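Listed here are the chains, written in short residue letters.
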Amino acid sequence: MGFETIVFYVFAAITVFSGMMVITVKNPVQAALFLVLTFFSTAAIWMLLEAEFLAITLVLVYVGAVMVLFLFVVMMLDINVARMRASFIKHLPLGLVVLALMIGMMLMIVGVDHFGADKFAEPARHAADYNNTRELGLVLYTIYVYPFEIAAVILLVAIVAAIALTLRRRANTKHQKPEQQIAVQRKDRIRMVNMKAEEQK
Amino acid sequence: MEWLNTGIDWLAALFNDVVVVYFHMLPEWLQTTIWILLKIVAIMLPLMLSVAYLTLAERKVIGAMQVRMGPTRVGPRGSLQPIADAVKLIFKEIIIPTGANKYLFLTAPLLSLGPALAAWAVLPFGSDMVLADINAALLYVLALTSVGVYGVIIAGWASNSKYALLGTMRSAAQIVSYEIAMGFALVGVLIAAGSLNLGDIVNAQSGNLGLLNWYFLPLLPLFVIYFISGVAETNRAPFDVAEGESEIVAGFHIDYSGMAFAVFFLAEYANMILISALTAIMFLGGWLSPLHGLLPESVLSIPVIGSLVADGIHWFIFKIFIFLFLFLWFRATFPRYRYDQIMRLGWKVFIPVTIVWLLVVGVMVLAGLAPWFSAA
C-alpha cells in the first residue's frame, strides 16, 4: 500500500465520519463546524486527484466564505433542540421515502453497473509541471465560454435580487452622510467666546 | 589562527564522516521527510523570534511616537521583555469559563495560528529559496488567509459570553467583506504577472529599471487597497473593532488567559508579518534589489557592497520591515473606525476601485505598456 493510498483512506475516513456527525450532532453550530471539516477533507481528496484548483477553490469559497456566513446565521438563531428531537418519529416516514429516492437515484448513476475500476480507463498521471488552473481556465474561456458567461449573469441577477429583497427604506431611519461629515469646517462646530475669568475672592 | 583552521577542518571532516554518511544510509522517504522538517524549522524559528520581537518593537515604536520609553526593565534597554512575557504567559492558568464548549474553546487559538503559519510554506525568500514551489500558490495563500477567521468565530462562540459573540460577529463580517477587496487586488497582480506562482510573480517584476519595474507603480490603487485590507484582515488598529477594548472589552478573546491567549496574540503578529511579506512579494518585487538591472557587473563583484546591492533575502526582509513599521505607525496614529465606516469603506470604496482598476490592468497588459508589460 503506497503512501498515497494511506493518505486517501485517512481523508476518506475523516470525510465519512464528519459527514455522519453533521447529521447526528444535536448542536447546529457543531454540525456546521463538522460540515467545514467535511469540506476540508474532501478538498484534500480532490488534491490527490491532481485537481488542485478545484480543491483550493472549495476551501476558499465554501470554507472561507459560505460557511462563515452560515455559522454567522446559525449562531444568531435560537433553536430549540428538544422540540426538534420530539418530532423525530413523526417525520421519520417522510425521511425514509426521501432516503430511498436518493439511494435509488445514486444507484442509477453510480451503481455497480456504471461505475467501477473496470468501467473506466485509468487516467494518465500528469507531470509535476502540469498546471491544472491553466488547463481549466483555457477550457472555461474557450469551449465553455457561453455557459460560463450565462452562469455568471445568473449569479449576478441572483445577487441583485437578494439585495433588492432585503432593501427596505424607512422614512425615519437616521444615517450618516460621509460627504457632509468631511465637508465640515472649523467654523461650523466651534464658537470662540470671550469670557471674563472667574475672580478670586 | 592555525589551530582554529585545523579545528574547523577537523569538525567538518567529522561531520562529513559521521552525519552525512549515516544520513545517506536512511531510506529515501525518511531523508526527504527530515529535509522538509529541517526546512520548516528553518522558517518557523526565525518567524517565531520575529513575532516575539515584533511585540517589543511595537511597544518601543509606539512609545517613541508618544514620547515614552517603552519597556526598559528586563535585560539591557528592555531587550529581554518578550522572553519575560512568554514565560509569564506559559505559567498562567488557562481558565475555562462555565458553560463554555471546552474542546472548541481550546482548539480556537490553534485554528487561528495554524493558517497564519501554514501560508509560509509557499512564500519564496529568494530565487530558489522556497519550501513548496507550487503552481497555485496564490490561491493557496488566499484560501488559508480566509480560513483564519474560524479561530475568531469559534473562540467567540465557545466562550459562551455576549462580549465575545459580539466581537465575533463584527470580525466575521469585517473579514468576509475585506477578503473580496483583497482577492480582487490579487487578481490584478495575477493578470499582470500571468501566473499564480509567487516566484514567477516576483520574477515578472524584474527588469532594467530597478524598483520602477515593480508592480506598485502600474497597480498603485491595488497596492494601497491590498495593504489596507490586510490591516483590516488582521484585525489591527484602526480596524480593530473585533477587540474594541473601549466597548466590548477585548472582543472574541475576552475569556482567554495564559497560553491560550498568547496563541491568539502570536497568530495576530504572525498574520501581520505574513501580510507584510505578501505585499512585498506582490507589489515590491520580493527579494529583488531596488537597483536590479541598473548596476554594471563590476559593482556586483565588489566583495561586501556587491552582495548587499544584489538581489537577495535581505531586501525581502527589509521590505517586510517597512510594512511592519507601517502597521505599528497606523496603530499609534489613527483612531478606531466605527463599524459602519468600516463596512462603507470596504464595500463602497475598495471593491468598486479594484473592479475598475482590473479593467485598467487588462487594458495595460493588452497594450503591452512599457516597461512593465512590454515583454508579454
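Small disclaimer: the values here were computed from a predicted structure and weren't measured. (Residues numbered from 1 in each chain as written. Chains lettered and ligands numbered in written order. Predicted model: local features only at pLDDT ≥ 70, side-chain atom pairs only at ≥ 80, totals over all residues. Heavy atoms only, no water.)

Chemist: Please clarify how the overall build of chain A should be interpreted in this entry.
Modeler: Across its full length, chain A carries nine helices and zero strands. Of the regular secondary structure in chain A, the N- to C-terminal order runs α-α-α-α-α-α-α-α-α. Expected size for 201 residues packed as a compact globule is a radius of gyration near 17 Å; at 28 Å, chain A overshoots this value by more than 25%. C-alpha atoms of chain A, sized along the principal axes, occupy 105 × 55 × 40 Å. The buried share among the 201 residues of chain A stands at 18%. Looking at chain A alone, contacts between residues at least 24 apart form 53% of all its contacts between residues at least 6 apart. (Helix = DSSP H or I, 4+ residues; strand = E, 2+ residues; numbered from the N terminus. Rg over C-alpha atoms; globule rule 2.2 N^0.38 Å. Buried < 20%, exposed > 50% of the residue type's maximum accessible area, 1.4 Å probe, protein only. Contact = heavy atoms within 4.5 Å.)

Chemist: What is the right way to look at the confidence of the model for chain B in this model?
Modeler: Do not read the fine detail of predicted coordinates wherever pLDDT is low. Looking at chain B as a whole, the pLDDT averages 83, with 97% of positions reaching at least 70. Across chain B, element-level confidence peaks in helix α9 (residues 220-233) of chain B with a mean pLDDT of 90 and bottoms out in helix α10 (residues 245-248) of chain B with 69. (pLDDT = per-residue confidence, 0-100.)

Chemist: What should I look at first to understand the packing of helix α2 (residues 28-65) of chain B against helix α11 (residues 258-283) of chain B in this one?
Modeler: A packed helix pair is summarised by two numbers, namely the angle formed by the two axes and the spacing between the axes. Residue and element names in this part refer to chain B. Taken N-terminus to C-terminus, the directions of α2 and α11 make an angle of 95 degrees; their axes are 9 Å apart at the nearest point. Accordingly, the angle class assigned to the pair α2 and α11 is roughly perpendicular. For the pair formed by α2 and α11, the contact residues are L47, M48, S50, V51, L54, T55 and E58 on the first element and F265, L266, Y269, A270, M272 and I273 on the second. Per-class residue counts for the contact of α2 with α11 are 10 nonpolar, two polar and one charged. (Axes fitted to C-alpha atoms, helices over the stretch in contact; angles between N-to-C directions. Parallel < 35°, antiparallel > 145°, perpendicular 65-115°, else oblique. Nonpolar A, V, L, I, M, F, W, Y, C, P; charged D, E, K, R; others polar.)

Chemist: Looking at this structure, how should I read the interface of chain B and chain A?
Modeler: Bring the parts together and some accessible area is lost; that lost area is often taken as the interface size. Counting residues at the interface gives 25 residues for chain B, matched by 28 residues for chain A. For the pair chain B and chain A, the two sides together bury roughly 2,200 Å², of which 77% comes from carbon and sulfur. Counting the surface chain B buries against chain A, the share from its top three residues, Y150, W157 and M169 of chain B, is 28%. There are zero salt bridges connecting chain B and chain A. Residues belonging to the side of chain B that touches chain A are distributed by class as follows: 18 nonpolar, three polar and four charged. (Buried area = accessible area lost by both parts, 1.4 Å probe. Salt bridge = Lys/Arg side-chain N within 4 Å of Asp/Glu carboxyl O.)

Chemist: Explain the nonpolar core here, please?
Modeler: General note: in soluble globular proteins, nonpolar side chains tend to be found buried as a group. Residues and elements named next belong to chain B. Of all hydrophobic cores here, the largest spans 116 residues; its most connected members are W120, L123, Y150, L198, M282 and F283. No other element matches α11, which puts 16 residues into this core. The residues contacting F283, other than those within four sequence positions of it, are A185, V189, Q205, W214, Y215, F216, L219, L222, F223 and Y226. (Core = buried A, V, L, I, M, F, W, Y, C linked by side-chain atoms within 4.5 Å.)

Chemist: Sorry, what's going on with the pattern of salt bridges here?
Modeler: One side chain can pair with another of opposite charge once the charged atoms of both are near each other. Residue and element names in this part refer to chain B. Scanning the model with the defined rule gives six salt bridges over all chains in all. With its nearest N and O atoms 2.5 Å apart, the salt bridge here joins E58 to R236. One end of the pair, E58, is in helix α2; the other, R236, is in the loop between α9 and α10, with 178 residues separating them in the sequence. For the pair E58 and R236, a shared accessibility class is recorded, and that class is buried. If you follow the salt bridges from partner to partner, you end up with E58, R236, E268 and R331 in one network.

Chemist: Quick question: what am I supposed to make of helix α1 (residues 3-24) of chain A here?
Modeler: Three- or four-residue spacings in an α-helix give side chains the same orientation, since the helix completes a turn every 3.6 residues. Residue and element names in this part refer to chain A. Under the 1.5 Å per step criterion, the end-to-end length of α1 is 32 Å for 22 residues, consistent within 8% with the ideal 32 Å. For α1, the complete set of buried residues consists of V7, A12, T15 and S18. Down the axis, α1 shows its buried residues gathered within 140 degrees of arc, on one side only. Within α1, the exposed residues directed more than 90 degrees away from the buried face are Y9, V16 and T24. Tucked inside the fold, the buried residues of α1 contact α2 (28-48). (Expected span 1.5 Å × (residues − 1). Arc of directions from axis to C-beta.)

Chemist: Help me understand a nonpolar patch on the surface, please; the structure alone is not making it clear to me.
Modeler: Residue and element names in this part refer to chain B. Taken together, the side chains of L49, Y53, L80, I83, V87, I90, F91, I94, I96, L106 and M259 make up a nonpolar region of the molecular surface, amounting to roughly 950 Å² of accessible area. Of all elements in the fold, only α2 and α3 (81-91) reach the threshold of two or more residues within the nonpolar patch. No other element matches α3, which puts four residues into the nonpolar patch. By secondary structure assignment, the location of L49 is in helix α2. (Patch = residues over 30% accessible without salt bridge, like charges linked within 9 Å, V, L, I, M, F, W, Y side chains within 5 Å. Areas by Shrake-Rupley, 256 points an atom, 1.4 Å probe, with all protein chains shown as cover.)

Chemist: Help me understand the packing of aromatic side chains in this model?
Modeler: Geometrically, a pair of aromatic rings is defined through the distance of the ring centres and the angle of the planes. Across all of its chains, the model carries 24 aromatic pairs over all chains by this definition. For the pair F8 of chain A and Y9 of chain A, a centre-to-centre distance of 5.3 Å together with 70 degrees between the ring planes defines the contact as edge-to-face. Aromatic pair F227 of chain B and F327 of chain B: ring centres 5.3 Å apart, planes at 75 degrees, arrangement edge-to-face. Remark: F327 of chain B occurs in helix α14 (residues 313-333) and F227 of chain B occurs in helix α9; sequence separation between them is 100 residues. Each member of the pair F227 of chain B and F327 of chain B is classed as buried. (Phe/Tyr/Trp six-rings, centres within 6.5 Å; stacked < 30°, edge-to-face > 60°.)

Chemist: Where do I start with the side chain of Q174 of chain B in this structure?
Modeler: Its location among the elements puts Q174 of chain B in helix α7 (residues 162-193). Not counting residues up to four positions away in its chain, the partners in contact with Q174 of chain B are A232, N235, F239, V241, I342 and M343 of chain B.

Chemist: Quick question: what am I supposed to make of the packing of α2 of chain B against α14 of chain B here?
Modeler: Residue and element names in this part refer to chain B. Between α2 and α14, the least distance of the axes is 10 Å, while the angle of their chain directions is 50 degrees. One element, α2, and the other, α14, form an angle in the oblique class. When the axes of α2 and α14 are compared, the crossing they make is right-handed. In this structure, α2 uses L54, A57, E58, V61, I62 and M65 to contact α14, whose residues at the interface are L324, F325, L328, W329, R331 and A332. Grouping the amino acids of the contact of α2 with α14 by side-chain chemistry returns 10 nonpolar, no polar and two charged. (Left-handed = near helix turned anticlockwise from the far one by under 90°.)

Chemist: Help me understand the environment of I95 of chain B in this model?
Modeler: Residues and elements named next belong to chain B. Note that I95 resides in the loop between α3 and α4 (102-118). On the basis of relative accessibility, which here comes to 48%, the residue I95 falls in the partly exposed class. Spatially, the C-alpha atoms of I95 and A260 are 9.2 Å apart, while their sequence positions differ by 165 residues. Among all residues touching I95, those that are not within four sequence positions of it are F105, D255 and S257.

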